[in-house]
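# Examination of the molecular architecture
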Amino acid sequence: RQAGTVLLERLQGLRGGGGGEGQRRREKMRATAAPLHLAILSLGGASVGYVLYGLYRWLKQRTSSVEPLEFVPWESLKNEDSSVLVVDCTHPDLLCLTHHKMASLPPRSLREDTSSGMVLNAIAQNHSVVKSVHKISVNHFDIDAFISVWSALNPKASLEHIRTLKAAAHIGDFRELDLGLPEADLGLKICCWLNTVEAIKFSRPFEPGDSDKWPYFLGEGRFLQMVTDPEAFRQEWEDEYVRVLSDVQCLEDQGRIRRYPDIDLCVIESPQPLHYYALFSATRGCDIVLTSYNGGGHYEIEQKYTQFVDIHSRPVFPRVELKDFVDVLNLLEERGSSKDTSATNGVKEWVCERIVDSGPLCRMDFTTAKLTKAERYGHPYQRRIHSSSVPLHALEDLLLSYLRHAMNGVKRRTGWSWKEMHDVNSTIDWATWRDGAVAASTAGLRGSGSPEPYDRQPC
């Protein structure tokens, strides 16, 4: 009991007190903890001793801080360097902290939807994943990757702004803006600043030149200045920020939204192409989005990033290959109207990327002038959206039947591996679906269109 009392007094000294006296007590605690632990055990209070000593170790860990890491450019990375933490991507040989799919999930206490959230959790918990390394690296530049790295380089400052940084990472990576969150406004400004400066001074996302961006955004305390005094950078973030808020209002005032919770599909009718932050603000909780623009057959169907990475806030269905869906759509286009051809761009038809793409985009496109990855990543208002002869109600019904057929008997969950996704897709009987879908959709082509025609003026 006497030894336990002494230890508790020392624990209180370890927790509290700044200044020289508190520091002296903490140093003395470190020097005497081990022999004191043995003394307690020798008194016969083994269980009590272990509990108290465990409490001491926990408090000691909580009072120490994570040291700033050093950024190593990906091209300078050495595979054998075990002192490097890889974030927001994967590496076969090095320690990783990422939401990208790997053989094993991150530690449970660190899991979040973004890689930045995991890094920030590790810093807040003084977790060994950040305390056992000295360097950090990533193979690309985007908002989530940047905030992950910056937080590890500036652990103290990152914890002071942890909620804002997590919000910015989520907006930037998933493009799901939630203005109901108190930290969303500043998070949006941060994203708009990063986007605008990147576009003006460097290359677009998914174009060469990412390595040039890191020295600028990590240098001279720019980012911390932006986080703490965004008004000083208003000229750089304001235009995109205003565009996003205007598009959010446009969608609220003139948009029409339908949700199908059984397959996590969201259908949006909008008077004009929008900024992604505004468009996906209406799709939180969904993984597939069908958007109809202008009410004139201009469509895009997107499989969101939420199925490409491992999110932990909710279970999801595995991604479904859209090849058979596209094949039927192209058959319907031929029956609905003559094929649109161009001597310059070739045949216009429905196209879509495989499920392993970060954001498969199903849309009408010219066979010899398809969008690049950078253009597909860009916002809908920044690209031309070609028209289809298929009425919206027929397209919507076809997509619903396709997804319901694919997910029949499949349960939502977290942690889908790529192998599991491919396995699910390989077992789907598309021939049975195709026969019925073509007949039903051909009949739908003869219909007069949506029962409630959508005819809104652009905002």
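Overview of the structure. (Residues numbered from 1 in each chain as written. Predicted model: local features only at pLDDT ≥ 70, side-chain atom pairs only at ≥ 80, totals over all residues. Heavy atoms only, no water.)

## Considerations on the pattern of salt bridges
- A full pass over the atoms with the stated rule returns 31 salt bridges.
- The salt bridge involving R363 is made with E300; its shortest N-O contact spans 2.8 Å. Of this pair, R363 sits in strand β11 (residues 361-366) while E300 sits in strand β8 (residues 298-303); the two residues are 63 residues apart in sequence, bridging distant segments of the chain.
- A relative accessible area of 4% places E300 in the buried class.
- Salt bridges here are not isolated pairs; linked through shared partners, they connect R256, R258, E269 and E396. (Salt bridge = Lys/Arg side-chain N within 4 Å of Asp/Glu carboxyl O. Helix = DSSP H or I, 4+ residues; strand = E, 2+ residues; numbered from the N terminus. Buried < 20%, exposed > 50% of the residue type's maximum accessible area, 1.4 Å probe, protein only.)

## Overview of the side chain of D247
- With respect to the element layout, D247 can be found in helix α12 (residues 234-254).
- Here the side chain of D247 touches H275 through a polar contact of 2.8 Å, landing on its backbone nitrogen.
- Look past the residues within four positions of D247 in its chain and what remains in contact with it is Q272, L274, H275 and A278. (Polar contact = N/O pair within 3.5 Å; in protein donor to acceptor, adjacent residues only side chain to side chain. Contact = heavy atoms within 4.5 Å.)

## Overview of the state of the cysteines
- Within this structure, the stated rule accounts for one disulfide.
- The disulfide partner of C250 is C459, and the gap between their sulfur atoms is 1.8 Å. Between C250 and C459, the S-S dihedral sits near 75°, and the bridge is therefore right-handed. Placement of C250 in helix α12 and of C459 in the segment after α18 (430-445) is noted, with a sequence separation of 209 residues between them.
- Assessed through its relative accessible area of 2%, C250 is described here as buried.
- Owing to a relative accessible area of 48%, C459 belongs among the partly exposed residues under this scheme.
- Lacking any disulfide linkage, C191 is separated from the closest cysteine sulfur, that of C192, by 6.8 Å.
- C352 provides the cysteine sulfur closest to C362, a residue in no disulfide bond, and the two sulfurs are 4.6 Å apart. (Disulfide = S-S within 2.5 Å.)

## Description of the sheet that holds strand β3 (residues 95-97)
- Read across the sheet, four strands follow the order β1-β4-β2-β3 without closing on themselves; strand pairing throughout is parallel. Lying at the two open borders of the sheet, with one neighbouring strand each, are β1 (70-71) and β3.
- Two elements, β1 and strand β4 (residues 135-137), share two bridges in a ladder whose sense is parallel. Looking across to β4, one finds that F71 is bridged to I136.
- Those strands touched by helix α6 (residues 143-153) are β1, β2 (84-87) and β4, and its axis lies near 170° from that of β4. (Pairing = 2+ DSSP bridges. Axes fitted to C-alpha atoms, helices over the stretch in contact; angles between N-to-C directions.)

## Brief notes about the packing of helix α4 (residues 115-124) against helix α8 (residues 162-174)
- As a packed pair, α4 and α8 sit with axes 8 Å apart at the nearest point and diverge in direction by 160°. With respect to their mutual orientation, α4 and α8 come out roughly antiparallel. In the packing of α4 onto α8, the handedness of the crossing is right-handed. Of α8, the residues touching α4 (which contributes S116, G117, L120 and N121) are I162, L165, K166 and A169.
- Classifying every residue of the contact of α4 with α8 gives four nonpolar, three polar and one charged. (Parallel < 35°, antiparallel > 145°, perpendicular 65-115°, else oblique. Left-handed = near helix turned anticlockwise from the far one by under 90°. Nonpolar A, V, L, I, M, F, W, Y, C, P; charged D, E, K, R; others polar.)

## Concerning the nonpolar core
- L97, F146, W193 and F223 are the most contacted members of the largest nonpolar core, which has 59 residues in total.
- Considering each element in turn, this core owes the most residues, eight residues, to helix α9 (residues 184-201).
- Leave out the neighbours within four places in its chain, and F223 touches F146, I147, W150, L165, I190, W193, L194 and F217.
- Within the second largest apolar cluster, 46 residues are counted, among which are L398, L403, A406 and M407. (Core = buried A, V, L, I, M, F, W, Y, C linked by side-chain atoms within 4.5 Å.)

## As for unusual backbone geometry
- Even without being glycine, N126 reaches a positive phi, approximately 50°.
- Residue position: N126 is located in the loop between α4 and α5 (128-131).
- In this model, F206 sits at a positive phi of 70°, which is unusual for a non-glycine residue.
- Checked against the element boundaries, F206 lands in the loop between α9 and α10 (213-218).

## Some points on the layout of surface pockets
- Approximately 1,100 Å³ is the volume found for the largest pocket.
- In terms of lining, the largest pocket is formed by 45 residues, of which the most central are R175, P205, F206, Y377 and G378.
- For the lining of the largest pocket, the secondary-structure elements that each account for two or more residues are α6, α8, α9, α13 (276-279), β8 and α15 (373-377).
- Broken down by element, the lining of the largest pocket gets its largest block of residues, five residues, from α15.
- Of the residues belonging to the lining of the largest pocket, the class tally is 16 nonpolar, 13 polar and 16 charged.
- The volume enclosed by the second largest pocket comes to roughly 270 Å³.
- Considering the residues around the second largest pocket, the lining is formed by 14 residues, among which K166, A167, H170, L181 and E183 are closest to the centre.
- No other element matches the five residues that α8 contributes to the lining of the second largest pocket. (1 Å grid on protein atoms, 1.4 Å probe; cavity = no way out; pocket = protein on both sides within 12 Å on 5 of 7 lines; lining within 4 Å. Points joined across faces, edges and corners; volume = space filled by probe spheres on them.)

## Observations regarding the pairing of strand β7 (residues 288-293)
- The element β7 is largely enclosed, with a buried count of six among its six residues.
- Neither face of β7 is left uncovered, since the one carrying I288, L290 and S292 and the one carrying V289, T291 and Y293 both have all their residues buried.
- Direction of pairing for β7 relative to β8: antiparallel, over a ladder of six bridges. Directly across from S292, in β8, lies its bridge partner Y299.

By themselves, these are just geometric observations and shouldn't be taken as functional.
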